Amino acid sequence: MSPHDRPLREPADIPAELAQARRTIDNIDAALVHLLAERFACTKRVGVLKAEKNLPPADPEREARQITRLRGLADDSGLDPVFAEKFLRFIVDEVIRHHEAIAVEVRGDEANSGETK
Ligand SMILES: O=C(O)C(=O)C[C@]1(C(=O)O)C=C[C@@H](O)C=C1
């Protein structure tokens with residue numbers, strides 16, 4: 001466990017309920033960071049697999065299905081579906097940038113090893 005996992009210290013003079021809510025927010029933010037780190041570790045592997053198999057970095061058809069699914073989940077759980085879609089778009093755009101960089105690296109490695117595909 002990292003020292004950053006602990007909730008932030010709050011001033012003693014703030015209302016107890018606000019301090020409790022902020023502890024919950026800090027725990028949720030920590031979980032979000034851990035989840036994003038796991039997701040990006042997984043998509044890094046996907047980027048390598050795609051580059052090795054000469055697949056394109058982006059898969060718009062899969063993205064469309066992910067958006068439909070997440071919008072439905074958001075709706076069911078009281079989260080604004082427009083926000084859910086923007087959030088996924090933000091993450092996936094970053095993943096695609098990573099995939100593009102990985103593809104450049106893998107192509108370079110192949111060129112250096114004299115491999116052909
Ligand atoms: O599923 C893939 O093919 C991925 O590369 C992962 C991912 C994602 O982050 O969810 C990213 C890019 C694609 O356009 C679709 C989905």
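Residues numbered from 1 in each chain as written. Predicted model: local features only at pLDDT ≥ 70, side-chain atom pairs only at ≥ 80, totals over all residues. Heavy atoms only, no water.

For the protein, the name recorded in an unreviewed UniProt entry is Chorismate mutase, with Nanchangia anserum as its organism.

### Quick word on the environment of Glu17
With respect to the helices and strands, the residue Glu17 is situated in helix 1 (residues 16-52). Counting along the chain gives 21 residues from Glu17 to Glu38, while the straight-line C-alpha distance between them is 32 Å. (Helix = DSSP H or I, 4+ residues; strand = E, 2+ residues; numbered from the N terminus.)

### Observations regarding helix 2 (residues 60-77)
Between its terminal C-alpha atoms helix 2 stretches 25 Å, which fits the 26 Å expected from 18 residues at 1.5 Å a residue. Among the residues making up helix 2, those that are buried are Glu63, Gln66, Ile67 and Ala74. Along the long axis of helix 2, the arc covered by the buried residues comes to 105°, so they all point the same way. Away from its buried face, by an angle of more than 90 degrees, helix 2 presents the exposed residues Thr68, Arg69, Asp75 and Asp76. Residues of helix 2 that are buried sit in contact with helix 1 and helix 3 (81-113). Gly78 sits one or two positions beyond helix 2 and adopts a positive phi of about 80°. (Expected span 1.5 Å × (residues − 1). Buried < 20%, exposed > 50% of the residue type's maximum accessible area, 1.4 Å probe, protein only. Arc of directions from axis to C-beta. Contact = heavy atoms within 4.5 Å.)

### Quick look at helix 1
Helix length check: helix 1 (37 residues) gives 54 Å between terminal C-alpha atoms against 54 Å at 1.5 Å per residue, within 8%. Along helix 1, the positions that sit buried rather than exposed are Ala19, Asp26, Ala30, Thr43, Gly47, Lys50 and Ala51. For helix 1, the secondary structure elements touched by its buried residues are helix 3. Looking one or two residues past helix 1, Asn54 carries a phi angle of roughly 55°, positive in sign.

### Overview of the site of the ligand
The full set close to the ligand counts 14 residues, and Arg39, Lys50, Asp59, Glu63 and Gln66 are the nearest of them. Interatomic distance of 2.7 Å between a backbone N/O atom of Asp59 and an oxygen atom of the ligand. A distance of 2.8 Å separates an oxygen atom of the ligand from a polar side-chain atom of Gln66. Against a free-state accessible area of 360 Å², the protein chains account for coverage of 90% of the ligand. When contributions to the shell around the ligand are tallied by element, the ones reaching two or more residues are helix 1, helix 2 and helix 3. Class assignment for the residues of the shell around the ligand results in 6 nonpolar, 3 polar and 5 charged. (Near = heavy atom within 4 Å. Polar contact = N/O pair within 3.5 Å; in protein donor to acceptor, adjacent residues only side chain to side chain. Areas by Shrake-Rupley, 256 points an atom, 1.4 Å probe, with all protein chains shown as cover. Nonpolar A, V, L, I, M, F, W, Y, C, P; charged D, E, K, R; others polar.)

### Looking at the environment of Leu8
With respect to the helices and strands, Leu8 occurs in the segment before helix 1. Each C-alpha atom, one on Leu8 and one on Arg69, is 34 Å from the other, the two residues being 61 residues apart in sequence.

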